[in-house]
Amino acid sequence: MAGNSQRRNRRNPGSKKGPSVGTGGHSRKSLEGKGPTPPASERKGHKKNRMANAAAKRGAANKSANKSRGSSRRGGKAGSELVYGRNSVVEALEGGVPASALYVQQFIDNDERVREALTLANERGVPLMEAPRPQLDNLAEGHNHQGLILQVPPYEYAHPEDLLAAAAENRDDALIVALDGITDSRNLGAVVRSVAAFGGHGVVIPERRAAGMTAGAWKTSSGAAARVPVARMTNMTRTLEAYQKAGCFVVGLAADGDSEVSDLEALTGPVVIVIGSEGKGLSRLVAETCDLTVRIPMPGQAESLNAGVAAGVVLYEAARLRAKR
């Protein structure tokens, strides 16, 4: 009986009873240890591993986007803007403000301002979008739209270096206005209009805590914003230093300036005119960066001028002196 059992086990190595045929050492590696267990973030298929991979992809995407933005010579785009109300929409269309669409409420009362808005939009080729009142209410976010909403496309800002390139292309000495702390978009529009009137090459504004090229700025510029580039910068002092390295003389306007603006010879060459806010004037670091600070003589009782008027005075003086050359 025992002999028969041994013979059965030799014929069937997988049997639990009796001896079995070995591997002869061929699977020795499978018996070796695999080392310490890796952390969860490195184990394929684990939740933490998937989260780590996703975070790495986001980081690579952000790095690529930042590199692209850093190498771009554009100043970027602003967000789109909406103009609400019948009078505001008509004034924006009359003022040449760019528009990508005019939303009109369905079954709106067809009064004179509505007809005027529709006529102006048709003349300019602005698409008309008829929509029910709830949709306009949602777009207006609580503003009183009166059945009309004008969509203004994002403004394409220039890069500060583009203004120098424009001057070089025309073989002119650069004439640039930089605004420090101007928060009223109407002042920005007035400065743009003055720059266009006196042959300037552009306006530079900070990215943050400053007025941007809104519909109000476009309207105040009276169409000049279509001809004069506005550049945006991240740091005023670094931008002014870059202009200085490029050969520009940086002049700051201040009530207690070192000299008067009249007959300032620096205005005949490449120059950047820096204008501060009406209340605070130039910030300390910006004033220290300027090559010279000048004042506008005012025999009257006014203590200061707003940015639009001050820019017009200095730009006129620059144009007058350059005409004498």
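Computed from a predicted model, the values in this text were never measured in an experiment. (Residues numbered from 1 in each chain as written. Predicted model: local features only at pLDDT ≥ 70, side-chain atom pairs only at ≥ 80, totals over all residues. Heavy atoms only, no water.)

Novice: What's the story with the overall build of the protein in this structure? I'm lost.
Specialist: For the protein, the helix and strand inventory stands at eleven helices and 13 strands. Within the protein, buried positions represent 38% of all 325 residues. The contacts in the protein between residues at least 6 apart in sequence include a share of 80% that link residues at least 24 apart. Looking at the protein as shown, the accessible area adds up to about 19300 Å², and 49% of this sits on carbon and sulfur atoms. (Helix = DSSP H or I, 4+ residues; strand = E, 2+ residues; numbered from the N terminus. Buried < 20%, exposed > 50% of the residue type's maximum accessible area, 1.4 Å probe, protein only. Contact = heavy atoms within 4.5 Å. Areas by Shrake-Rupley, 256 points an atom, 1.4 Å probe, with all protein chains shown as cover.)

Novice: Help me out: how do you make sense of the sheet that holds strand E2 (residues 81-84) in this one?
Specialist: The strands making up a sheet associate through backbone hydrogen bonding, with each pair oriented either parallel or antiparallel. Sheet architecture is open: four strands sit in the order E2-E5-E3-E4, paired in mixed fashion. Pairing within the sheet leaves two strands with one partner each, and these edge strands are E2 and strand E4 (128-131). On average, each strand axis in the sheet is inclined to that of its neighbour by 25°, with strand direction left out of account. Sitting on the sheet, helix H4 (residues 112-124) is in contact with strand E3 (101-105), E4 and strand E5 (148-152), with an inclination near 150° to E3. (Pairing = 2+ DSSP bridges. Axes fitted to C-alpha atoms, helices over the stretch in contact; angles between N-to-C directions.)

Novice: I tried to follow the side chain of Arg 86 on my own but got confused; where do I start?
Specialist: Its location among the elements puts Arg 86 in helix H3 (residues 86-94). Residue Arg 86 is classed as buried on the basis of its relative accessible area, which comes to 15%. With residues up to four places along the chain from it excluded, the contact list for Arg 86 reads Ile 108, Asp 109, Asp 111, Arg 113, Val 114, His 145, Gln 146 and Leu 148.

Novice: Would you mind going over the nonpolar core with me for this structure?
Specialist: Across soluble globular proteins, you tend to see nonpolar side chains buried next to one another. Grouped together as the largest cluster of nonpolar side chains are 58 residues, with contacts concentrated most on Leu 179, Leu 188, Val 203, Met 213, Leu 267 and Ile 273. Ranked by the residues each element gives to this core, the list is headed by helix H11 (residues 307-323), at seven residues. Among the nonpolar cores identified, the runner-up in size contains 19 residues, and Ala 158, Ala 167, Leu 240 and Val 272 belong to it. (Core = buried A, V, L, I, M, F, W, Y, C linked by side-chain atoms within 4.5 Å.)

Novice: So what exactly am I meant to see when it comes to the side chain of Thr 237 here?
Specialist: With respect to the helices, strands and loops of the structure, Thr 237 is situated in helix H9 (residues 236-245). With a relative accessible area of 17%, Thr 237 lands in the buried category. Each residue touching Thr 237, except ones within four places of it in the same chain, is listed here: Leu 285, Val 286 and Thr 289.

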